[in-house]
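Topology and contacts: notes
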Amino acid sequence: MKKTMIFAIMALIVIVLMTAFDVSLLSVSPIKVPESMQPNILYVCPIKTDSTWASLANGLAQGKQFITMGFFFAAMLLAAVWMWALYQNLLKDKFNRDSFKKPWMFTKFLFWAVVIMTVLMKTPDYFRAIEIDGARGQYVLCESSTPGAKIVKNAQWVHDANH
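None of these values were measured; they are calculated from a predicted model.

Moving on: the overall build of the protein chain. When its secondary structure is counted, the protein chain shows four helices and five strands. Buried residues in the protein chain amount to 23% of all 163 residues. Summarising the internal contacts of the protein chain: among those between residues at least 6 apart in sequence, 75% fall at separations of at least 24.

Time to look at the nonpolar core. One finds I41, Y43, C45, I47, A129, V140, C142, A149 and A161 forming the largest nonpolar core, which totals nine residues. Residues contacting C142, with those up to four places away along its chain left out, are Y43, V44, C45 and A149. Core analysis: the second largest hydrophobic core is formed by six residues, V44, I130, V152 and V158 among them.

Glancing now at the packing of aromatic side chains. The tally for this structure, following the rule as stated, stands at four aromatic pairs. On the basis of an interplanar angle of 20° and a centroid distance of 5.7 Å, the ring pair of F95 and F100 is categorised as stacked. Note on F95: relative accessible area 60%, which makes it exposed.

Before going further, it helps to examine the sheet that holds strand β2 (residues 129–132). The sheet built from five strands is open, its strands ordered β4-β1-β3-β2-β5 with antiparallel pairing. Strands with a single pairing partner mark the edges of an open sheet, and in this sheet they are β4 (150–152) and β5 (158–160). Neighbour-to-neighbour, the strand axes of the sheet open up by a mean angle of 50°, direction not taken into account. Pairing geometry for strand β1 (residues 42–46) and β4, over three bridges, is antiparallel.

Turning our attention to the state of the cysteines. Taken as a whole, this structure holds one disulfide when the rule is applied. Covalent S-S linkage joins C45 and C142, the inter-sulfur distance amounting to 2.1 Å. Here the S-S torsion is close to 85°, and the disulfide linking C45 with C142 is therefore right-handed. Of this pair, C45 sits in strand β1 while C142 sits in the loop between β3 (139–141) and β4, placing them 97 residues apart in sequence. With respect to class, C45 is no different from C142; both count as buried.

With that settled, the discussion passes to the pairing of β1. As paired strands, β1 and β3 are joined by three bridges and run antiparallel to one another. What sits directly across from P46, in β3, is Y139.

With that settled, the discussion passes to a nonpolar patch on the surface. A contiguous nonpolar surface patch, about 530 Å² in accessible area, is contributed by M5, I6, I9, M10, I13 and L17. Mapped onto the secondary structure, I6 falls in helix α1 (residues 3–20). Taking the relative accessible area as the measure of exposure, I6 reaches 41% and is therefore partly exposed.

Each regular strand displays side chains that alternate between the two surfaces of the sheet. Of the pairings in the sheet, the one linking β2 to β3 comprises two bridges and is antiparallel in character. Residue pairing in the sheet places I130 in a bridge with Y139 of β3. Following β2, the chain reverses through six residues before pairing antiparallel with β3; G134 in that reversal takes a positive phi of roughly 85°.

For the rest of this paragraph, the subject is the environment of M83. Along the chain, M83 turns up in helix α3 (residues 64–92). Sequence separation between M83 and P103 is 20 residues; the distance between their C-alpha atoms is 9.5 Å.

In this section: the side chain of N89. In this structure, N89 sits in helix α3. Judged by relative accessible area, which is 7%, N89 ranks as buried. In terms of polar contacts, N89 uses its side chain to reach the side chain of S99, at 3.1 Å.

About the criteria used
Residues numbered from 1 in each chain as written. Predicted model: local features only at pLDDT ≥ 70, side-chain atom pairs only at ≥ 80, totals over all residues. Heavy atoms only, no water. Helix = DSSP H or I, 4+ residues; strand = E, 2+ residues; numbered from the N terminus. Buried < 20%, exposed > 50% of the residue type's maximum accessible area, 1.4 Å probe, protein only. Contact = heavy atoms within 4.5 Å. Core = buried A, V, L, I, M, F, W, Y, C linked by side-chain atoms within 4.5 Å. Phe/Tyr/Trp six-rings, centres within 6.5 Å; stacked < 30°, edge-to-face > 60°. Pairing = 2+ DSSP bridges. Axes fitted to C-alpha atoms, helices over the stretch in contact; angles between N-to-C directions. Disulfide = S-S within 2.5 Å. Patch = residues over 30% accessible without salt bridge, like charges linked within 9 Å, V, L, I, M, F, W, Y side chains within 5 Å. Areas by Shrake-Rupley, 256 points an atom, 1.4 Å probe, with all protein chains shown as cover. Salt bridge = Lys/Arg side-chain N within 4 Å of Asp/Glu carboxyl O. Polar contact = N/O pair within 3.5 Å; in protein donor to acceptor, adjacent residues only side chain to side chain.

Shape is all these values report; function is a separate question.
This is the structure in structure tokens:
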């Protein structure tokens, strides 16, 4: 594999991880909380919906059913292509490696298409989303030093969002 390809893959992985875990390169000043309350509070941040990734994910989510149907159609077509290649080899009673090149290429293409579409359809905050009893909006748990952090005084009000 070429060095530029390895660098691009590593850079993409680092960007996704930094976004998913809200890692920041700049320091942020934390919220001051009285010591008596510190062990009993949670910090939440509103989910950012103005990012390009969130807009793309929300746009793709509108057509999720059609995308899923397309992938199932492609998977059934892939199974038929593999069975046809196998049938042709069994019919000739000898193994011909060339007849499996196109099904294997289609398999790799379909796999990566599913992986990329899955990543694009889910924002990093999708899996971290929480619900707060009595509060409107979507939130994620965060640190006190995160910009826009708010305090939830009772941890029993916080629940995992149903996906």
